[in-house]
Amino acid sequence: MPIEGYGAGFFHFAGMASSGSVLALPSGIHGWAPRLPVEITEAALAPVFAEAAALELLLIGTGAEPWALPEALRWRFRDAGLRVDALPTRSAAATYNVLLDEGRAVGAALLAIS
């Protein structure tokens, strides 16, 4: 389902609101613990890797600022056969919605903007 809106610490989707960060995956939209880019780890992304076969691309929303994905994590995505792009949350949410609307197998891991 698309991200309908976002703001300081929340996301709107499916007529509901969620505080904090979210994962948008084929299984649905779920709360996600990371609040800062340094908390985006392989363990935090375990739900993504569990659904990797149903995805072609994961967009990581890094909050208000750009953040470079650590090389080890890039290799983990490559090993899982999943493309990844990290960009500020506003851009990641917008791109996720466009690709979802096109029928692409896309997921998003979005840090809430504080």
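For the structure, check the block above.
Now for a look at the structure at hand. No experiment lies behind these values; they were computed from the predicted model shown.

## Some thoughts on the overall build of the protein chain
Each helix and strand counted, the protein chain has three helices and eight strands in total. When the helices and strands of the protein chain are listed from N to C terminus, the series reads β-β-β-β-β-α-β-α-β-α-β. If you line up the protein chain on its principal axes, its C-alpha atoms span 35 × 30 × 20 Å. Across the 114 residues in the protein chain, those meeting the buried criterion constitute 46%. For the protein chain, the proportion of contacts with a sequence separation of at least 24, taken over those separated by at least 6, is 64%. As presented, the protein chain carries roughly 5700 Å² of accessible surface, and 56% of it is formed by carbon and sulfur atoms. Charged side chains of the protein chain number 7 positive and 11 negative; the gap between the two group centres comes to 3 Å.

## Description of the layout of surface pockets
Approximately 150 Å³ is the volume attributed to the largest pocket. Contributing to the lining of the largest pocket are 13 residues, with Arg 35, Leu 36, Gly 63, Ala 112 and Ser 114 lying nearest its centre.

## Some points on helix α3 (residues 89–101)
Its 13 residues place the ends of α3 18 Å apart at the C-alpha level, agreeing with the 18 Å of an ideal helix rising 1.5 Å per residue. Looking at α3, one finds that the buried residues are Thr 89, Ala 92, Ala 93, Tyr 96 and Leu 99. All buried residues of α3 fall inside an arc of 135 degrees around its axis, so they share one side. Packing partners of the buried residues in α3 comprise β1 (5–7), β2 (10–13), β4 (21–25), β6 (57–61), β7 (83–87) and β8 (106–110). Two residues or fewer past α3, Gly 103 is found with a positive phi of approximately 85 degrees.

## As for the sheet that holds strand β3 (residues 16–19)
Each strand in a sheet pairs with its neighbour through backbone hydrogen bonds, running either in the same direction (parallel) or in the opposite one (antiparallel). The strand order β1-β2-β3 describes an open sheet built from three strands, whose pairing is antiparallel. Only two strands of the sheet have a single partner each, and these edge strands are β1 and β3. Ignoring which end each strand starts from, the neighbouring axes of this sheet average 15 degrees apart. Bridge count for β1 against β2 is three bridges, and the pairing is antiparallel. Within the sheet, the bridge partner assigned to Tyr 6 lies in β2 and is Phe 11.

## A few points about the pairing of β4
Counting buried residues along β4, five of its five residues qualify, which places the element largely inside the surrounding structure. The alternating pattern of β4 places Ser 21, Leu 23 and Leu 25 on one face and Val 22 and Ala 24 on the opposite face, and all of these are buried. Here β4 runs beside strand β5 (residues 28–32); their pairing, made up of five bridges, is antiparallel. Paired with Leu 25 across the two strands is Gly 28, which belongs to β5. Taken together, β4 and the strand that follows it, β5, pair antiparallel across an intervening segment of two residues. Both β4 and β8 contribute to a ladder of three bridges, which runs antiparallel. Residue Val 22 lies in a different strand from β8, and its bridge partner there is Leu 110.

How each quantity is defined
Numbers given to residues run from 1 along each chain, matching the order in which its sequence is written. Since the coordinates come from a predicted model, pLDDT governs what is reported: local features require at least 70, and pairs of side-chain atoms require 80 or more to be given and counted, while whole-chain, interface and lining totals use all residues. The basis for every side-chain value is the complete set of non-hydrogen atoms in the structure, without hydrogens or water. Only DSSP runs of H or I with at least four residues qualify as helices, and only runs of E with at least two residues qualify as strands; both kinds are numbered from the N terminus onward. Relative accessibility thresholds used throughout: buried, under 20% of the residue-type maximum; exposed, over 50%; partly exposed, between the two (1.4 Å probe, protein chains only). We call two residues contacting when some pair of their heavy atoms lies within 4.5 Å. In these tables, accessible area is a Shrake-Rupley quantity obtained with a 1.4 Å probe, and a residue counts as shielded only by the protein chains included in the view. In this count, Lys and Arg are taken as positive residues and Asp and Glu as negative ones, while His and the chain termini are left out. Throughout, a charge is located at the NZ atom of Lys, the CZ atom of Arg, the CG atom of Asp or the CD atom of Glu. In the cavity and pocket records, a cavity denotes points on a 1 Å grid over the protein atoms alone where a 1.4 Å probe fits but cannot get out, a pocket denotes an open set with protein on both sides within 12 Å along at least 5 of 7 lines, and lining residues are residues with an atom within 4 Å of a point. Grid points are joined across faces, edges and corners, and a volume is the space filled by probe spheres set on the points. Take the number of residues in a helix, subtract one, and multiply by 1.5 Å to get its expected span. Throughout, the arc means that of the directions going from the helix axis to the C-beta atoms. By this definition, two strands are paired if DSSP reports at least two bridges between them. As a rule, the C-alpha atoms of each element are fitted with a line to give its axis, helices using only the stretch in contact, and angles between N-to-C directions run from 0 to 180 degrees.

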